[in-house]
Amino acid sequence: MTPPSPPAPPSPTPAARRHPAQRRQPTRVRVPARALPALLLVALALAGPLLAPHPVDRPVTAPYGPADGSAALGGDQLGRDVLSRLLTGGAPLIATALAVAVLVTTAAGAIGILAALRPRLGRWVERTADLAILLPAVLGIMLVALAWPSGGRLAVGAAATVLGIPYAVRVVAAAAAPVAATGYVETAAAGGERLWYLMAREVLPNLRATLLALFGLRFVEGVYVVSIAAFLQLGPQPPEADWALMIRENAPGIVLNPWAVAAPCLAIGLLAISVNLAAEALAPARPTPETPL
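Criteria and thresholds
Along each chain, residues carry numbers from 1 onward, in the same order as the chain's sequence is written. In view of the model being predicted, local features appear only for residues whose pLDDT reaches at least 70, and side-chain atom pairs are presented and counted only at 80 or more, with totals across whole chains, interfaces and linings using the full set of residues. Water and hydrogen atoms were dropped before computing side-chain values, which therefore reflect all heavy atoms in the structure. For salt bridges, the criterion is a side-chain nitrogen of Lys or Arg within 4 Å of an Asp or Glu carboxyl oxygen. A run of H or I in DSSP counts as a helix once it spans at least four residues, and a run of E counts as a strand once it spans at least two, with each numbered from the N terminus. Between buried and exposed lies partly exposed: a residue is buried under 20% and exposed over 50% of the maximum accessible area for its type, with that area taken using a 1.4 Å probe on protein chains only. Buried Ala, Val, Leu, Ile, Met, Phe, Trp, Tyr and Cys residues that are joined via side-chain atoms within 4.5 Å together make up what is termed a nonpolar core. We call two residues in contact when some of their heavy atoms are within 4.5 Å. We define a polar contact as two N or O atoms separated by no more than 3.5 Å, with the added condition that, inside protein, one atom must be a possible hydrogen donor and the other a possible acceptor, whereas residues neighbouring each other in sequence contribute only through side-chain atom pairs. What goes into a patch is any residue over 30% in relative accessible area without a salt bridge, connected to like charges within 9 Å or, for nonpolar side chains (Val, Leu, Ile, Met, Phe, Trp, Tyr), within 5 Å. What sets the accessible areas is the Shrake-Rupley method with a 1.4 Å probe; for residues, cover comes only from the shown protein chains. Here a cavity denotes a set of grid points, spaced 1 Å apart and computed over the protein atoms alone, in which a 1.4 Å probe fits but from which it cannot get out, and a pocket denotes an open set meeting protein on both sides within 12 Å along at least five of seven lines; residues with an atom within 4 Å of a point are reported as lining. Grid points are joined across faces, edges and corners, and a volume is the space filled by probe spheres set on the points. Polarity classes work like this: nonpolar for Ala, Val, Leu, Ile, Met, Phe, Trp, Tyr, Cys and Pro, charged for Asp, Glu, Lys and Arg, and polar for all others, with Gly in that last group.

Peer 1: Would you explain the pattern of salt bridges in this entry?
Peer 2: Two side chains that carry opposite charge are able to pair once their charged atoms sit near each other. In the structure shown here, the tally under the stated rule is seven salt bridges. With a closest N to O distance of 3.8 Å, Glu-249 and Arg-80 form a salt bridge. Linking Glu-249 in helix H12 (residues 243–250) with Arg-80 in the loop between helix H3 (25–51) and helix H4 (82–88), this pair joins segments that are 169 residues apart in sequence. Like Glu-249, the residue Arg-80 is buried in the burial classification. Of the charged contacts, one joins Asp-130 and Arg-170 as a salt bridge, the two residues approaching to 2.3 Å between their closest N and O atoms. Taken together, the positions of Asp-130 in helix H6 (residues 119–133) and Arg-170 in helix H8 (residues 153–180) put the pair 40 residues apart, joining distant regions of the chain.

Encoded structure:
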């Protein structure tokens with residue numbers, strides 16, 4: 001008697017029959033869609049002063065006046081147009097947070113990669129970073145702002161940059177250590193390549209995902225730290241239009257005109273979420289092993 005033949009393997013699905021590049025196409029399509037909200041919000045904030053319907057320092061309605069034809073989001077505590085101040089107050093906050101994120105990511109990338117390639121120096125860098133992390137960022141910014149009262153927004157940005165570097169260095173050093181221990185980096189070092197070449201050509205290209213994610217986190221933290229400092233009246237001062245200052249100034253009249261507080265809160269939250277999504281979408285995807293056929 002002939003034994004029954006084994007069942008035929010199931011035919012691969014259309015998704016499995018596609019070329020690997022075709023299977024990755026949906027991810028590439030999602031990248032612009034996830035980065036678009038952040039780009040639109042940043043562009044709107046930067047172009048906001050040109051789109052403001054009223055001067056930011058001129059009353060157009062009653063204090064905490066409701067939304068009407070003259071003021072789409074009502075008035076603030078002095079009767080100024082909330083929408084105009086909202087459109088104008090985003091550009092300085094985004095510029096400060098962007099500068100903090102760029103400086104922190106650049107400095108942490110260079111120091112972290114150097115610490116991974118030079119372990120003896122790396123131990124001192126890690127110990128110094130551990131001590132610096134113990135200082136709360138808000139307390140450090142308060143000390144710098146009080147010691148430099150004329151610094152304004154520059155003092156807050158400088159303090160946020162200095163206090164953000166230690167934690168970022170630990171992240172980059174931890175990600176760069178396995179790369180620095182790989183064979184091709186050791187071969188390049190044994191071949192007499194210079195330190196800057198090892199940092200820029202051998203290690204840095206393998207940390208793109210880490211640095212992009214770190215940039216997104218530092219930008220969001222910069223937005224929050226600068227907003228907290230402005231809420232505490234450290235940095236920008238009234239009557240400057242600033243999202244965090246709007247929250248502080250209009251909090252007593254939140255019942256009369258909720259938009260005076262809700263609008264800047266939503267703007268800060270949407271900015272943080274959209275930038276995080278954009279950084280995650282732009283980070284290179286880790287390759288996954290193909291299933292053998």
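Peer 1: I keep staring at the nonpolar core and nothing clicks. Help me out?
Peer 2: When a protein is soluble and globular, its nonpolar side chains tend to lie buried together. Of all hydrophobic cores here, the largest spans 55 residues; its most connected members are Ile-113, Leu-117, Val-203, Leu-207, Phe-219 and Trp-243. Looking at this core element by element, the count peaks at eleven residues for helix H5 (residues 90–117). Look past the residues within four positions of Leu-207 in its chain and what remains in contact with it is Ile-113, Val-172, Ala-175, Ala-176 and Val-179.

Peer 1: Sorry if this is basic, but what is going on with H12 here?
Peer 2: Each full turn of the α-helix corresponds to 3.6 residues, which orients residues three or four apart in the same direction. Summarising burial for H12: seven of the eight residues are buried, a large majority. Buried residues of H12: Trp-243, Ala-244, Leu-245, Met-246, Ile-247, Glu-249 and Asn-250, and no others. Where H12 starts, the residue carrying a side-chain oxygen 3.0 Å from the main-chain nitrogen of Ala-244 turns out to be Asp-242.

Peer 1: Would you take a moment to explain a nonpolar patch on the surface for this structure?
Peer 2: On the surface, a nonpolar cluster with roughly 600 Å² of combined accessible area is contributed by Val-138, Met-142, Leu-146, Tyr-224, Ile-228, Phe-231 and Leu-232. Of all the elements in the fold, those that place two or more residues in the nonpolar patch are helix H7 (137–147) and helix H11 (208–231). Within the fold, Met-142 resides in helix H7.

Peer 1: Before we go on, may I ask you to explain the layout of surface pockets in this structure?
Peer 2: Empty space among the atoms becomes visible once a probe the size of a water molecule is rolled across them. Roughly 260 Å³ of internal volume is contained in the second largest pocket. In terms of lining, the second largest pocket is formed by 13 residues, of which the most central are Ala-38, Leu-39, Phe-215, Val-275 and Ala-278. At the level of secondary structure, the elements contributing two or more residues to the lining of the second largest pocket comprise H3, H5, H11 and helix H13 (259–282). Grouping the amino acids of the lining of the second largest pocket by side-chain chemistry returns 13 nonpolar, no polar and no charged.

Peer 1: Would you take a moment to explain unusual backbone geometry for this structure?
Peer 2: Glycine aside, the phi torsion of most residues is negative, and most peptide linkages are trans. In this model, Tyr-64 sits at a positive phi of 55°, which is unusual for a non-glycine residue. Within the secondary structure, Tyr-64 is located in the loop between H3 and H4.

Peer 1: How should I be thinking about the environment of Glu-221 in this particular structure?
Peer 2: Residue placement: Glu-221 occurs in helix H11. Among the residues examined, Glu-221 registers a relative accessible area of 29% and is labelled partly exposed. C-alpha separation for the pair Glu-221 and Ala-160, spaced 61 residues apart in sequence, amounts to 9.0 Å. In this structure the side chain of Glu-221 is engaged in a polar contact, spanning 2.4 Å, whose partner is the side chain of Arg-218.

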